[in-house]
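Single-letter residue listing:
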Amino acid sequence: MRFPVQKIPGITELPLSARGMKIGLFGGSFNPIHDGHLLVAEQCLQRLGLDAVWFLVSPGNPLKNHDELAPLRDRVEDARALLDHPRIKVTGFEAAHGFRYTYDTLKFLTQTLPDRNFVWIMGADNMVSFHKWDRWREIANMLPMAVYVRPGSSRKAPGSLAATAFARYRLDEDDAPLLATCEPPAWVYLHGIMSGLSSSVIRAQRKDAKIAK
């Protein structure tokens, strides 16, 4: 099952890239985007030695309720306004193909752009539930992954089902700059500055503010 295909000029195209680039892929609904997302992207750019980070704004997470999901165009434009960095790009390209699951997105990118060095980036909270994702083992075998520490998940993520399953492929944090060119499966757990910001909390606060008016 796929989402309906949406092709929105200026929103659903892939960013430009070149052969050999090291590109971090940061996927999510970003509903809304916030400074915590920017923090993770900037940290990964620096510590993984990436040339770019692409924010892949999803048409919708299949594991989440979409009742409060803002339109794709709004989420992409808001992300571009916040993520004002020359090496950070934002795209809603998944909608142009109707991709519903991360596996389909990553398969498309690795087959379409096989000469790029992609790294999947996710917060530690997602690592905790990674085993619930569609074809999660195949995702881990498809490209290297960087897991960034998140409040409340710093202890859970390293002991999660997925982390345990791929424990022998975990890189030492000091070797993080090597990750992008490692043969998958390979992953690193990055400790560092944390943000307590949450999209769900921000949505709830906005909702309460409207009610208060």
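That block above? That's the structure.
All figures in this text were calculated on a predicted structure; none of them were measured in a lab.

### Thoughts on the packing of aromatic side chains
Logical step 1: Taken as a whole and judged by the stated rule, the model has 12 aromatic pairs.
Logical step 2: Look at Phe26 and Phe55: their rings are 4.9 Å apart centre to centre, the planes differ by 45 degrees, and that puts the pair in the tilted class. On the criterion of sequence distance, the pair formed by Phe26 in strand E1 (residues 22-28) and Phe55 in strand E2 (residues 52-57) is long-range, its members being 29 residues apart. When sorted by exposure, Phe26 lands in the same class as Phe55, which is buried.
Logical step 3: Consider the rings of Trp136 and Phe166, whose centres lie 6.1 Å apart with planes at 80 degrees: the pair is edge-to-face. Of this pair, Trp136 sits in helix H6 (residues 136-142) while Phe166 sits in the loop between helix H7 (161-165) and strand E6 (187-190), and the two are 30 residues apart along the sequence. Just as Trp136 is buried, Phe166 falls in that class too.
Logical step 4: Taken together, the ring pairs in this structure connect Trp120, Phe130, Trp133, Trp136, Phe166 and Tyr169 into an aromatic cluster.
Logical step 5: Sitting over the ring of Phe3, Arg100 keeps its end group 5.0 Å from the ring centre.
Logical step 6: Residue placement shows Arg135 over the ring face of Tyr103; its charged tip is 3.9 Å from the ring centre.

### What to know about the pattern of salt bridges
Logical step 1: The tally for this structure, following the rule as stated, stands at five salt bridges.
Logical step 2: Of the charged contacts, one joins Asp125 and Arg150 as a salt bridge, the two residues approaching to 3.8 Å between their closest N and O atoms. Separated by 25 residues along the polypeptide, Asp125 in helix H5 (residues 124-128) and Arg150 in the loop between strand E5 (145-148) and H7 bring together distant segments of the chain.
Logical step 3: Taking relative accessible area as the criterion, Asp125 reaches 33% and is therefore assigned partly exposed.
Logical step 4: One salt bridge connects Glu138 with Arg135, and the closest N-O pair in it is separated by 3.1 Å.
Logical step 5: A relative accessible area of 39% means that Arg135 is categorised as partly exposed.

Rules of the game
- Residues numbered from 1 in each chain as written.
- Predicted model: local features only at pLDDT ≥ 70, side-chain atom pairs only at ≥ 80, totals over all residues.
- Heavy atoms only, no water.
- Phe/Tyr/Trp six-rings, centres within 6.5 Å; stacked < 30°, edge-to-face > 60°.
- Helix = DSSP H or I, 4+ residues; strand = E, 2+ residues; numbered from the N terminus.
- Buried < 20%, exposed > 50% of the residue type's maximum accessible area, 1.4 Å probe, protein only.
- Lys NZ or Arg CZ within 6 Å of the ring centre and 35° of its normal.
- Salt bridge = Lys/Arg side-chain N within 4 Å of Asp/Glu carboxyl O.

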